[in-house]
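What the coordinates show
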Amino acid sequence: MIVFDLQCNNGHKFEEWFASNTEYEAKTDAHEVRCPDCGDTHVVKALSAPRINSGASAPMPAAPCGLPACMSGGCAMMGGDS
Ligand SMILES: [Zn+2]
């Protein structure tokens, strides 16, 4: 999947996901992509670099015991200061 920043004839910018650049061209040519603000189907790519969705999530920093609570600084496995 690939996301493009699009812009309609009225200057509204929005994002739309496509399977490929070919699908983007086919859908915009067929006026199947419509501006969510005004419904205009004359959309073009806004000037920005497309982002690729690789499906990988951002790497999480390692926690001492792997519990979600550790991520906020309150690790129960650390024993605390008693
Ligand atoms: Zn619009």
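Let me begin by describing the structure that accompanies this report. Everything numeric here is computed off the predicted structure, so don't read it as measured data. (Residues numbered from 1 in each chain as written. Predicted model: local features only at pLDDT ≥ 70, side-chain atom pairs only at ≥ 80, totals over all residues. Heavy atoms only, no water.)

What follows deals with the environment of glutamine 7. Structurally, the position occupied by glutamine 7 is in strand S1 (residues 2-8). Given a relative accessible area of 25%, glutamine 7 falls into the partly exposed group. The spatial distance from the C-alpha of glutamine 7 to the C-alpha of cysteine 35 is 7.8 Å, given a sequence separation of 28 residues. Aside from chain neighbours lying at most four places away, what touches glutamine 7 is His12, Lys13, His42, Val43, Val44 and Ala46. (Helix = DSSP H or I, 4+ residues; strand = E, 2+ residues; numbered from the N terminus. Buried < 20%, exposed > 50% of the residue type's maximum accessible area, 1.4 Å probe, protein only. Contact = heavy atoms within 4.5 Å.)

Surrounding the zinc ion are the protein donor atoms Cys8 (SG), His12 (ND1), Cys35 (SG) and Cys38 (SG), which sit 2.0 to 2.3 Å from the metal. Geometry at the zinc ion is tetrahedral, judged from the four donor atoms that bind it and their angles of 107 to 113° at the metal. Site description for the zinc ion: donor spacing in sequence, C-x3-H-x22-C-x2-C. Of the two residues, cysteine 8 is situated in strand S1 and cysteine 38 in the loop between helix H1 (21-29) and strand S3 (43-45); the sequence distance between them amounts to 30 residues. (Donors = N, O, S within 2.8 Å, 3.2 Å for Na, K, Ca; no water. Tetrahedral: all angles 85-135°; square planar, octahedral: opposite > 155°, others 65-115°.)

Let's shift gears to the side chain of aspartate 40. Mapped onto the secondary structure, aspartate 40 falls in the loop between H1 and S3. In this structure aspartate 40 is buried but unpaired, with arginine 34 as the nearest side chain of opposite charge at 8.0 Å. Those residues in contact with aspartate 40 that lie beyond four places of it in its chain are Cys8, Asn9, Asn10, Val33, Arg34 and Cys35. (Lys, Arg positive; Asp, Glu negative; His and termini not counted. Salt bridge = Lys/Arg side-chain N within 4 Å of Asp/Glu carboxyl O.)

Among the seven residues of S1, five are classified as buried, and the element is accordingly described as predominantly covered. Of the pairings in the sheet, the one linking S1 to strand S2 (residues 13-18) comprises six bridges and is antiparallel in character. Among the inter-strand pairings, aspartate 5 is bridged to a residue of S2, identified as glutamate 15. The antiparallel pairing of S1 with S2 creates a hairpin that spans four residues between the two strands, and glycine 11 there sits at a positive phi of about 90°. In the sheet, S1 pairs with S3 via three bridges, with the strands oriented antiparallel. Bridge pairing in S3 links glutamine 7 to valine 44. (Pairing = 2+ DSSP bridges.)

Attention now moves to the nonpolar core. Membership of the largest hydrophobic core is limited to 10 residues, which are Ile2, Phe4, Leu6, Cys8, Phe14, Phe18, Tyr24, Val33, Cys35 and Val43. Elements supplying a minimum of two residues to this core: S1 and S2. In terms of residue count, S1 provides more of this core than any other element does, four residues in total. In this structure, phenylalanine 14 is in contact with Phe4, Asp5, Leu6, Cys8, Val33, Arg34, Cys35, Pro36 and Val43, ignoring residues within four places of it in sequence. (Core = buried A, V, L, I, M, F, W, Y, C linked by side-chain atoms within 4.5 Å.)

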